[in-house]
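# Survey of secondary and tertiary structure
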Amino acid sequence: MEHTELIKPETLEDLIQTLHKIFESDSVNVEEVQNIMESYESKPHEWMKYAKFDQYRYTRNLVNEGNGKFNLMILCWGEGHGSSIHDHTDSHCFLKLLQGQLKETLFDWPDRKLQGGMQQKSQRVLLENQCAYINDSIGLHRVENVSHTETAVSLHLYSPPFQTCQTFDQRTGHHNTLTLTRALSGLKGFNIGAVL
Amino acid sequence: MARFPNMDDKCSVLYLSRLHLDDLSLDHLTDSKRQQIQQLHLTYNRLSFLPPSVCFLCNLEYLDISNNALTVIPDDIMRLTNLKTFVAKNNLLDESSFPKEFERMQVETLNMSGNRFEDIPMQFLKMTTLQSLSLGGNRLKSIPAEIENLNSLEMLYLGGNLISSIPPEVADLTSLRYLVLCDNRIQSIPPQLSKLHSLLSLSLHNNLLTFLPREILSLVHLQELSLRGNPLVVRFIKDMTYDPPSLMELAARVIKSQNLPFSSCDLPSNLIHYLNLASECPNPKCAGVYFDSCVRHIKFVDFCGKYRLPLMHYLCSPQCSSPCSSNPQSDAESEEENSVPADRLQRVLLG
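Bear in mind the structure is a predicted one, so any value in this text is a computation, not a measurement.

So, about the sheet that holds strand E9 (residues 152–159) of chain A. By way of backbone hydrogen bonds, the strands of a sheet pair with one another, either parallel or antiparallel. All names here are of chain A. The strand order across the open sheet formed by 5 strands is E1-E2-E9-E4-E7, and the pairing between neighbours is antiparallel. Looking at which strands have only one partner, the edges of the open sheet turn out to be strand E1 (59–64) and strand E7 (131–134). Each strand axis lies, on average, 25 degrees off the axis of its neighbour in the sheet, ignoring direction. Sheet analysis places strand E4 (residues 92–99) next to E9, joined by 7 bridges and oriented antiparallel. Note on E9: the bridge partner recorded for Gln99 is Val153. Sheet contacts for helix H2 (residues 30–39): E4, E7 and E9; angle to E4, the most-contacted strand, approximately 15 degrees.

With respect to the helices, strands and loops of the structure, Ser113 of chain B is situated in the loop between strand E5 (109–111) and strand E6 (132–134). A distance of 3.1 Å separates a polar atom in the side chain of Ser113 of chain B from the backbone nitrogen of Gly136 of chain B. For Ser113 of chain B, the residues in contact, after removing those within four places along its chain, are His148 and Thr149 of chain A together with Ala88, Lys89, Asn90, Ser134, Leu135, Gly136 and Asn138 of chain B.

To continue, consider H2 of chain A. Residue and element names in this part refer to chain A. Considered for burial, the residues of H2 that qualify are Glu32, Val33, Ile36 and Met37. Take H2 and look down its axis: the buried residues cluster within an arc of 125 degrees, on one side only. Of the residues flanking the start of H2, the one acting as N-cap is Asn29, its side-chain oxygen 3.2 Å from the backbone nitrogen of Glu31.

Bringing the nonpolar core into the picture now. Within the largest apolar cluster, 72 residues are counted, with the highest numbers of intra-cluster contacts made by Phe86, Leu110, Met112, Phe124 and Leu179 of chain B. Among the nonpolar cores identified, the runner-up in size contains 25 residues, and Leu19, Tyr40, Phe70 and Tyr133 of chain A belong to it.

With respect to the element layout, Ser147 of chain A can be found in the loop between strand E8 (140–144) and E9. For Ser147 of chain A, a relative accessible area of 19% gives the class buried. At 2.8 Å, the side chain of Ser147 of chain A forms a polar contact with the backbone nitrogen of Glu150 of chain A. Residue contacts for Ser147 of chain A: discarding those within four places in its chain leaves Glu79 and Gly80 of chain A together with Tyr157 of chain B.

In low-pLDDT regions, the fine details of the predicted coordinates are not to be read closely. Residue and element names in this part refer to chain B. On average, chain B scores 85 in pLDDT, and the residues at 70 or more come to 84%. Every residue in residues 322–338 is under pLDDT 50, and counting partners more than four places away or in other chains gives 24 contacts. A low-confidence stretch, residues 342–351 stays under pLDDT 50, and its non-local contacts, those more than four residues away or across chains, total 50 contacts. Quick note on the complex model: pTM equals 0.83, ipTM equals 0.88.

Counted by the stated rule, this structure contains 12 salt bridges over all chains. Two residues, Arg228 of chain B and Glu144 of chain A, come together in a salt bridge whose shortest N-O distance is 3.0 Å. Here the residue Arg228 of chain B occupies a position in the loop between strand E11 (224–226) and helix H2 (247–257), and Glu144 of chain A occupies one in strand E8, the pair thus bridging two chains. This pair shows no difference in class: Arg228 of chain B is buried, exactly as Glu144 of chain A is.

Here we take up the confidence of the model for chain A. Residues of chain A with pLDDT of at least 70 account for 87%, and the chain-wide mean is 87. Here strand E13 (residues 186–188) of chain A is the element of chain A with the lowest mean pLDDT, 33, and E7 of chain A is the one with the highest, 98.

All names here are of chain A. Structurally, Ser39 can be placed in helix H2. Residues Ser39 and Pro9 lie 30 residues apart in sequence; the distance between their C-alpha atoms is 6.9 Å. Setting aside chain neighbours within four positions, we find Ser39 in contact with Lys8 and Pro9. In this structure the side chain of Ser39 is engaged in a polar contact, spanning 2.9 Å, whose partner is the backbone oxygen of Ile36.

Okay, the packing of helix H1 (residues 12–22) of chain A against H2 of chain A next. Residue and element names in this part refer to chain A. It is the contact of H1 with H2, at a shortest axis distance of 10 Å, that shows an interaxial angle of 170 degrees. The orientation of H1 with respect to H2, classified from their angle, is roughly antiparallel. In this structure, H1 contributes Leu15, Thr18, Leu19 and Ile22 to the contact, and H2 contributes Glu32, Val33, Ile36 and Met37. Here the residues of the contact of H1 with H2 sort into 6 nonpolar, 1 polar and 1 charged.

Residues and elements named next belong to chain A. Along the polypeptide, Ala152 turns up in strand E9. Taking relative accessible area as the criterion, Ala152 reaches 0% and is therefore assigned buried. Taking the C-alpha atoms as reference, Ala152 lies 9.9 Å from Ala51; in sequence the two are 101 residues apart.

Definitions and cut-offs
Residues numbered from 1 in each chain as written. Chains lettered and ligands numbered in written order. Predicted model: local features only at pLDDT ≥ 70, side-chain atom pairs only at ≥ 80, totals over all residues. Heavy atoms only, no water. Pairing = 2+ DSSP bridges. Helix = DSSP H or I, 4+ residues; strand = E, 2+ residues; numbered from the N terminus. Axes fitted to C-alpha atoms, helices over the stretch in contact; angles between N-to-C directions. Contact = heavy atoms within 4.5 Å. Polar contact = N/O pair within 3.5 Å; in protein donor to acceptor, adjacent residues only side chain to side chain. Buried < 20%, exposed > 50% of the residue type's maximum accessible area, 1.4 Å probe, protein only. Arc of directions from axis to C-beta. Core = buried A, V, L, I, M, F, W, Y, C linked by side-chain atoms within 4.5 Å. pLDDT = per-residue confidence, 0-100. Salt bridge = Lys/Arg side-chain N within 4 Å of Asp/Glu carboxyl O. Parallel < 35°, antiparallel > 145°, perpendicular 65-115°, else oblique. Nonpolar A, V, L, I, M, F, W, Y, C, P; charged D, E, K, R; others polar.

Pasting the structure below:
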């Protein structure tokens, strides 16, 4: 199969067009997508219109529906805002920092005989323009803006797009299903950050 | 010293961020230009003092001097009589940095996160126009009772400090919608917090809480509650430390539960006072009262039919309990008073 040369996307529009091209095929080259997303240097004036913050919790704002092959969203995290531990419903998830920093904590899937709560596997801080990747075989994660002074903005790509996911109670490993709801003006909050 | 490019006639916002400024002069501005400026951004520079020029922008409403090296706010700031929002995150300010008169400013939003405050300055505690106060990421060890003076406060951000307890006076901030106390050392929540009827979001993650007061259930408008990173108990823990009531308490309990009449002719004033201190047992099926001797009882309450939170309340004796909780370790269906309907407290961030 011929491998197309992909030029570094200069603008957000470039990035979206490139992603559309990449996702025309049915198979996803994770490294390729990660590199492309990482190589876009965040320019706030290009994505500011999607960055709607909520005082009390993080928001999800749809950027592009990727012809049904993927969802591209911008998430806005106020100071101290974090998500619950969640999975990705068998989809690929790419997370790129557009502004600020986010802490990602990885967890293994809880097993039945859980004693003492879900233990974290690893933790890292994602810096501006870095792009992380996760899927269910890698594990579960919690994403948080731990800063008390700075907000954070991240660009997320999910392929294929999903309507529900599981969230987990760290103390017990119990999980619940969350459903994405859609409001008239666009995608309304996944209650990912809202539950245990 | 920097001079800035020509301003539009209509432009009221001046962006002077990330310019390596260590000083700034606006002297060359005409009076009318000076009066035009309503917003000034001076973030990410090298300012170790607030340039005096800034204080002569008489119509300034918004000032952001975050990410500099300020240690002091000069008296001249009092000239900015129209200042409504003052942001000075990530500087070197502490409780002695502000002018004595600062309390007279009519500021509505104050963001001093990422500085070196060990106490909330007295001046802040007198600013009754304050709607939003942020002191996240400082070194505060406590919240003073005087916080109750801030009766217009809607947002209080105190995350990332060294706070170990919450004074009940916080509950007097009846306009409060958003209370952030995450990343502190808080061991308990005062039950009085249930008076915060306007509270929409409460952030308590990463503290030292083992349970919550049962009264938290009465925060009917609460939409967000974060509790992750607290050592919340997951199983019922029997409270073994129960001091049996004194004879005086036993006698007082009988008087109250039998409704025996008494008056100042019958009893000395100290006993009248004692009798009036009776607390009703929160168990609705018990008509009893207690004075000093009570049992701490933890019940698990289902939130939204999904999550079990340990809620604590006092009962009058170890024998006092509702019929269904006689076996607290059972996984039996929660009784009516043990579950919170799904429309209440929809978003609890625990895990």
